[in-house]
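# Structural overview
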Amino acid sequence: MTTDAPAAPVRLLVIDDDPLVRAGLALMLGGAEDLVIVGEGADGSEAAALVDRLRPDVVLMDIRMPVMDGLSATELLRGRPEAPEIIVLTTFHADEQVLRAIRAGAAGFVLKDTPPAQIVESVRRVAAGDPVLSPAVTRQLMARAAGGGSDDKADRAERARERVALLADREREVAVAVGQGRSNAEIAATLYLSVATVKTQVSRILAKFGFNNRVQIALLVHDAGLLDDETGSSRP
């Protein structure tokens, strides 16, 4: 009998300048049998060396730190080969910060007052290749990214349609489903595919456009106007 649990525990690195927060996260996450905290850091400037030494699968990264903030550290790490997945962890909700984190390649954004069980589940989902932004937050991000003048929007839409035209039919269907905020399992059920096939299709789309995360796919199909059509069947 097979399960969705990973064969080995997810290796987790926590980077936060508050020792009490690190202790709380260690206590919270340490009780999960499928997660193991391999190390802690107190500043974004320590991230690269810690990742090189500890090889984590996922990094929980605070935003506000004194020497190097978490967004800069995320940009640095995600620009490297074989980068770990990164969940940005913060005490506040600011669209600009979220959007910068996602554009930098973060796989999700979690508030520090999120219930412990949800933080644990967020780590599991990111390690499995799913985003941890809810559809509601994704829509907020897309609305924010869609700001600007009408000329900017028209240019963005034209560029997005040109890029979407490069997708195969099945890739396009998967991209639209990602833009609708669906998980891999939901996409698989909707399109009558296996979860493994969905993961492969998402990976192909990411590679085709040099994207780091699924929200970037969502922004693309949003800009191309595909989310206005619930079936995703219209052509750009």
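As a starting point, this report considers the structure included with it. (Residues numbered from 1 in each chain as written. Predicted model: local features only at pLDDT ≥ 70, side-chain atom pairs only at ≥ 80, totals over all residues. Heavy atoms only, no water.)

Here we come to the environment of glutamate 173. Along the chain, glutamate 173 falls in helix H8 (residues 169-179). Counting along the chain gives 28 residues from glutamate 173 to glutamine 201, while the straight-line C-alpha distance between them is 9.7 Å. Within the structure, glutamate 173 has its side chain in polar contact with the side chain of arginine 170 (distance 2.7 Å). (Helix = DSSP H or I, 4+ residues; strand = E, 2+ residues; numbered from the N terminus. Polar contact = N/O pair within 3.5 Å; in protein donor to acceptor, adjacent residues only side chain to side chain.)

What follows concerns helix H5 (residues 116-127). Helix length check: H5 (12 residues) gives 17 Å between terminal C-alpha atoms against 16 Å at 1.5 Å per residue, within 8%. The secondary structure elements touched by the buried residues of H5 are strand S1 (10-15), helix H1 (19-30), strand S2 (35-41), strand S3 (58-62), strand S4 (85-90) and strand S5 (108-111). Looking at the residues trailing H5, positive phi occurs at glycine 129, about 95°. (Expected span 1.5 Å × (residues − 1). Contact = heavy atoms within 4.5 Å.)

Moving on: the pairing of S4. S4 sits mainly inside the fold: 5 of its 6 residues count as buried. Relative to S4, S3 is paired through 5 bridges, and the arrangement is parallel. Paired with valine 58 across the bridge in S4 is glutamate 85. Once the chain exits S3 it traverses helix H3 (residues 70-78) before rejoining the sheet at S4, and the crossover so formed is right-handed. Both S4 and S5 contribute to a ladder of 4 bridges, which runs parallel. The residue bridging threonine 90 from the neighbouring strand is leucine 111, located in S5. (Buried < 20%, exposed > 50% of the residue type's maximum accessible area, 1.4 Å probe, protein only. Pairing = 2+ DSSP bridges. Right-handed = clockwise from strand over helix to strand, strands pointing away.)

Let's shift gears to the pairing of S2. The sheet contact formed by S1 and S2 spans 6 bridges and is parallel. Residue pairing in the sheet places isoleucine 15 in a bridge with glycine 41 of S2. Considered for its hand, the β-α-β crossover made up of S1, H1 and S2 is right-handed.

Next up on the list: the sheet that holds S2. Strands sit in the order S2-S1-S3-S4-S5 across an open sheet of 5 strands; the sheet is parallel. On the outer flanks of this sheet lie S2 and S5, each paired with one strand and no other. Between one strand axis and the next, the sheet turns by 25° as a mean value, whatever way the strands run. For S1 and S3, the ladder comprises 4 bridges, and the chain directions are parallel. Bridging across to S3, valine 14 finds its partner in leucine 60. (Axes fitted to C-alpha atoms, helices over the stretch in contact; angles between N-to-C directions.)

Taken as a whole, this structure holds 11 salt bridges when the rule is applied. With its nearest N and O atoms 2.7 Å apart, the salt bridge here joins arginine 124 to aspartate 34. A residue pair is termed long-range when its members are at least 10 positions apart, and arginine 124 in helix H5 and aspartate 34 in the loop between H1 and S2 qualify at 90 residues. Classification of arginine 124 by relative accessible area gives partly exposed; the value is 33%. The closest approach of N and O atoms between aspartate 52 and arginine 80, which form a salt bridge, is 2.3 Å. Residue aspartate 52 is found in helix H2 (residues 47-54), and its partner arginine 80 is found in the loop between H3 and S4; the two are separated by 28 residues along the sequence. The partly exposed category is assigned to aspartate 52, whose relative accessible area is 37%. Here arginine 80 falls in the partly exposed class, since its relative accessible area comes to 27%. Each of Asp16, Asp62 and Lys112 takes part in one network of salt bridges that share partners. (Salt bridge = Lys/Arg side-chain N within 4 Å of Asp/Glu carboxyl O.)

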